[in-house]
Amino acid sequence: MTPDRYAVIGNPIAQSKSPLIHQAFAQATCQVISYVPLLAPVGGFAVEVDRFRAAGGQGLNVTAPFKLDAFAYATRLLDRARLAGAVNAMKFEDGEAVADNFDGIGLLTDIQRNLGRPLAGKRVLLLGAGGAVRGAMLPFLQADPAALVVASRDAGKAQALAAEFGAYGAPLGIGYADLAGQAPFDLVANATSASLFGELPPVSPASFAPGCLAYDLAYGKGLTPFLRLAQQAGAGQVADGVGMLVEQAAEAFAWWRGVRPATAALIARLTVPLR
Ligand code: ATR
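The following paragraphs examine the structure supplied in this document.

Thresholds applied
- Residues numbered from 1 in each chain as written.
- Predicted model: local features only at pLDDT ≥ 70, side-chain atom pairs only at ≥ 80, totals over all residues.
- Heavy atoms only, no water.
- Phe/Tyr/Trp six-rings, centres within 6.5 Å; stacked < 30°, edge-to-face > 60°.
- Helix = DSSP H or I, 4+ residues; strand = E, 2+ residues; numbered from the N terminus.
- Buried < 20%, exposed > 50% of the residue type's maximum accessible area, 1.4 Å probe, protein only.
- Lys NZ or Arg CZ within 6 Å of the ring centre and 35° of its normal.
- Pairing = 2+ DSSP bridges.
- Right-handed = clockwise from strand over helix to strand, strands pointing away.

## Observations regarding the packing of aromatic side chains
Summed over all chains, the structure comprises 8 aromatic pairs. On the numbers, 5.9 Å between centres and 90° between planes, the contact of phenylalanine 45 with tyrosine 73 is edge-to-face. A residue pair is termed long-range when its members are at least 10 positions apart, and phenylalanine 45 in helix 2 (residues 45-54) and tyrosine 73 in helix 3 (residues 67-73) qualify at 28 residues. You can call phenylalanine 45 buried: its relative accessible area is 2%. With centroids separated by 5.5 Å and ring planes inclined at 70°, the aromatic side chains of phenylalanine 102 and tryptophan 255 adopt a geometry described as edge-to-face. Residue phenylalanine 102 is located in the loop between strand 6 (96-100) and helix 5 (103-114), and its partner tryptophan 255 is located in helix 9 (residues 242-257); the two are separated by 153 residues in the primary sequence. Look at phenylalanine 102 and you get buried, because its relative accessible area is 2%. Within the aromatic cluster, the residues linked to one another by ring pairs are Tyr6, Tyr35 and Trp256. Its end group placed over the ring of phenylalanine 185, arginine 123 keeps NZ or CZ at 4.5 Å from the ring centre.

Laid out in C-alpha cells, this is it:
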C-alpha cells in the first residue's frame, strides 16, 4: 500500500521537529503515512505546493516564512486561520486547499491541560503583537479569561490587534510602559521573538503575580532571559514552547487522520531542561 503523503514546508526546514513528531504519532496510532521536510525557495511556495499536490500529497504543515503565502494560497480558510491572518496547516481534498491555524489552540491546550492552568477567570498577558499572538487571540478569548492584555513595543499596533478581536471578548492592547497601571497577571506568555536572540522583552517584574505561570513560546533554549526574570519575580511555574509544538502537531494529525495521538511521552522526549 502506498502511504498517504504529508510534509512540512519551510525555508530553512532541516531544523524542523515536525517529521519526527508526526512519524511518532503515526507509529503510535498505527497509521501508514509518509511525512517529510519540504524545502521551498522563498517566492516559490505555490509552485512547490502545486507539485506536492500533483504527486498525491494530502496535507502540509507550514512554517516560516510561508504562513502568509499559505493564507493566500488557501481556497477555504477556517475561522482560526482567517482571524490569525496566517496558516500553519493545510488539507487537500475535493480539489480544495483547506487551511487552519493550530498554533494558538496548541498553546492553549499545553497551558490548560498539560500544565494544569485553566484560563477561565484569570488575568492573562501576551507579550508581542506578531503572528503568534494573532493565532492565540481567538482560542484564548474563548477560554474566558478575566482579562486578556496584549503588550507591544508599539502601543498602536497592540490596540489595533485587540480591536480586531473585539467581537470575541474585550481584549486590551497597550504599550509596555502602560503595564505599570495594570494589576499583575496569572499567566504571562512571551510571544515575542526576543528569546531567539537571547534578549528580554521589556516587561517589568511587577507584572508577574505570585505563583503565576510564565510561558515562553520559544523552545529548546533552556531558561531564557524571560523565564529567568519570571522566576526572580516570583512565578510559581515556568514552561517553554515544546508542549505547544507537540500539541499543534497533534491537532493537525487529528484533523488529517481522524485519530488523536497521545502527546505526553513525546513532549517529555523533546523537552530540554529549563536551567
Ligand atoms: P511571530 O510572527 O511568530 O509572532 P515575529 O513577528 O518574528 O514572530 O515576532 C513576534 C513579535 O516579537 C514581533 O512582532 C515584535 O512585537 P512588537 O513589535 O509588537 O513588540 C516582538 N519582538 C521582536 N523582537 C523583540 C525584542 N527584541 N524585544 C521585544 N519584542 C520583540
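## Describing the pairing of strand 2 (residues 33-39)
Here strand 1 (residues 4-10) pairs with strand 2 via 7 bridges, running parallel. Opposite alanine 7, over in strand 2, you have valine 36 as the bridge partner. With helix 1 (residues 18-28) bridging strand 1 and its parallel neighbour strand 2, the resulting β-α-β unit is right-handed.

## Quick word on unusual backbone geometry
Cis geometry marks the peptide bond from asparagine 11 to proline 12; its omega dihedral reads 5°. Positionally, proline 12 belongs in the loop between strand 1 and helix 1. With phi around 50°, aspartate 94 is a residue other than glycine that occupies positive phi space. Within the element layout of this structure, aspartate 94 appears in the loop between strand 5 (89-93) and strand 6. Given the relative accessible area of 78%, aspartate 94 is considered exposed. The phi dihedral of aspartate 144 falls on the positive side, at around 65°, and the residue is not glycine. Tracing the chain through its elements places aspartate 144 in the loop between helix 6 (131-142) and strand 8 (147-152).

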